[in-house]
Amino acid sequence: MKQTLLTMCMMTLIFLRVSAQQAEIFSEKGKAINGYDPVAYFKESKPVPGNKDFIYSWKEANWYFANSENLAAFKAAPEKYAPQYGGYCAYGVAKGAKANTVPEAWTVVNGKLYLNYNKSVSNTWNKDQKAYIEKADANWPDIKDKK
């Protein structure tokens, strides 16, 4: 009960701090995924910081990569590696809002990368991923270009 109450309070705070960005891709300081390599989530099963020597601009955001191989893989198929919902919190999108994310709160489900606001939100997300994905998929077209 205490954990549920804590999660509910945290989600309220998250939605009060929802990003004011209109961009389709969530980025901070011009860096998608805070400068982490999106391909590494698939190849190394963990978040890996990108290198300033391997940057690619896609959908008005700069994507960073750990090496030239990952950069080439992304260039060849960005939709395969980019996080769903433009890198905004997947749980937040399921609830109808855009929220910031951190690279450490992630999951790959059916070959797609999903990011969350933090690890606690990610734990909530993991309890019913299928239902949250269905809700987020339905919500995303309506909110992707909104503040």
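Residues numbered from 1 in each chain as written. Predicted model: local features only at pLDDT ≥ 70, side-chain atom pairs only at ≥ 80, totals over all residues. Heavy atoms only, no water.

1. Things to note about the environment of tryptophan 140
At step 1: Topologically, tryptophan 140 is positioned in helix α7 (residues 129-143).
At step 2: Note on tryptophan 140: relative accessible area 12%, which makes it buried.
At step 3: Separated by 55 residues in sequence, tryptophan 140 and tyrosine 85 have C-alpha atoms that sit 6.5 Å apart. (Helix = DSSP H or I, 4+ residues; strand = E, 2+ residues; numbered from the N terminus. Buried < 20%, exposed > 50% of the residue type's maximum accessible area, 1.4 Å probe, protein only.)

2. Some words on the pairing of strand β5 (residues 102-109)
At step 1: Here β5 pairs with strand β6 (residues 112-116) via five bridges, running antiparallel. The partner of valine 102 across the bridge, within β6, is asparagine 116.
At step 2: Between the antiparallel neighbours β5 and β6 lie two residues, among them asparagine 110 with a positive phi of about 50 degrees. (Pairing = 2+ DSSP bridges.)

3. With respect to unusual backbone geometry
At step 1: The phi angle at isoleucine 33 is positive, at roughly 50 degrees, despite the residue not being glycine.
At step 2: Along the polypeptide, isoleucine 33 turns up in the loop between β2 (31-32) and α2 (40-43).
At step 3: Judged by its relative accessible area of 4%, isoleucine 33 falls in the buried class.
At step 4: A positive phi angle, close to 60 degrees, is found at tyrosine 85, a residue other than glycine.
At step 5: Structurally, tyrosine 85 is set in the loop between α4 (78-81) and α5 (90-94).

4. Some details on the pattern of salt bridges
At step 1: Considering all chains together, one arrives at two salt bridges under this definition.
At step 2: Linking glutamate 24 and lysine 59 is a salt bridge whose minimum nitrogen-to-oxygen distance equals 3.0 Å. One end of the pair, glutamate 24, is in the loop between α1 (2-16) and β1 (27-28); the other, lysine 59, is in the loop between β3 (51-58) and β4 (61-65), and 35 residues separate them in sequence.
At step 3: Among the residues examined, lysine 59 registers a relative accessible area of 34% and is labelled partly exposed.
At step 4: Here glutamate 79 and lysine 59 are joined by a salt bridge, their closest N and O atoms 3.5 Å apart. Within this pair, whereas glutamate 79 is found in helix α4, its partner lysine 59 is found in the loop between β3 and β4, the two being separated by 20 residues in sequence.
At step 5: Exposure remark for glutamate 79: the relative accessible area of 54% places this residue in the exposed category.
At step 6: Residues participating in the shared-partner salt-bridge network are Glu24, Lys59 and Glu79. (Salt bridge = Lys/Arg side-chain N within 4 Å of Asp/Glu carboxyl O.)

5. Details of the nonpolar core
Generally speaking, nonpolar side chains in soluble globular proteins are found buried as a group.
At step 1: Core analysis: the largest hydrophobic core is formed by 19 residues, its most contacted members being Tyr85, Val93, Tyr114 and Trp125.
At step 2: Elements that contribute at least two residues to this core include exactly α5, α6 (119-127) and α7.
At step 3: Of the residues forming this core, the biggest block, five residues, is contributed by α7.
At step 4: The residues touching tyrosine 85, leaving out its near neighbours within four places in the chain, are Glu24, Ala90, Val93, Tyr114, Ile133, Ala136, Asp137 and Trp140.
At step 5: Counting residues in each nonpolar core, the second largest holds 17 residues, with Ile33, Tyr36, Phe74 and Leu113 among its members. (Core = buried A, V, L, I, M, F, W, Y, C linked by side-chain atoms within 4.5 Å. Contact = heavy atoms within 4.5 Å.)

6. Description of the environment of tyrosine 91
At step 1: Position of tyrosine 91 among the secondary structure elements: in helix α5.
At step 2: When the C-alpha atoms of tyrosine 91 and tyrosine 132 are compared, they prove to be 6.5 Å apart, with 41 residues separating the residues in sequence.

7. Section: the confidence of the model for the protein
At step 1: Here the protein shows a mean pLDDT of 89. Residues at 70 or above account for 84%.
At step 2: Long-range and interchain partners of residues 12-21, a stretch whose pLDDT sits below 50, account for 22 contacts in this model, where long-range means more than four residues apart. (pLDDT = per-residue confidence, 0-100.)

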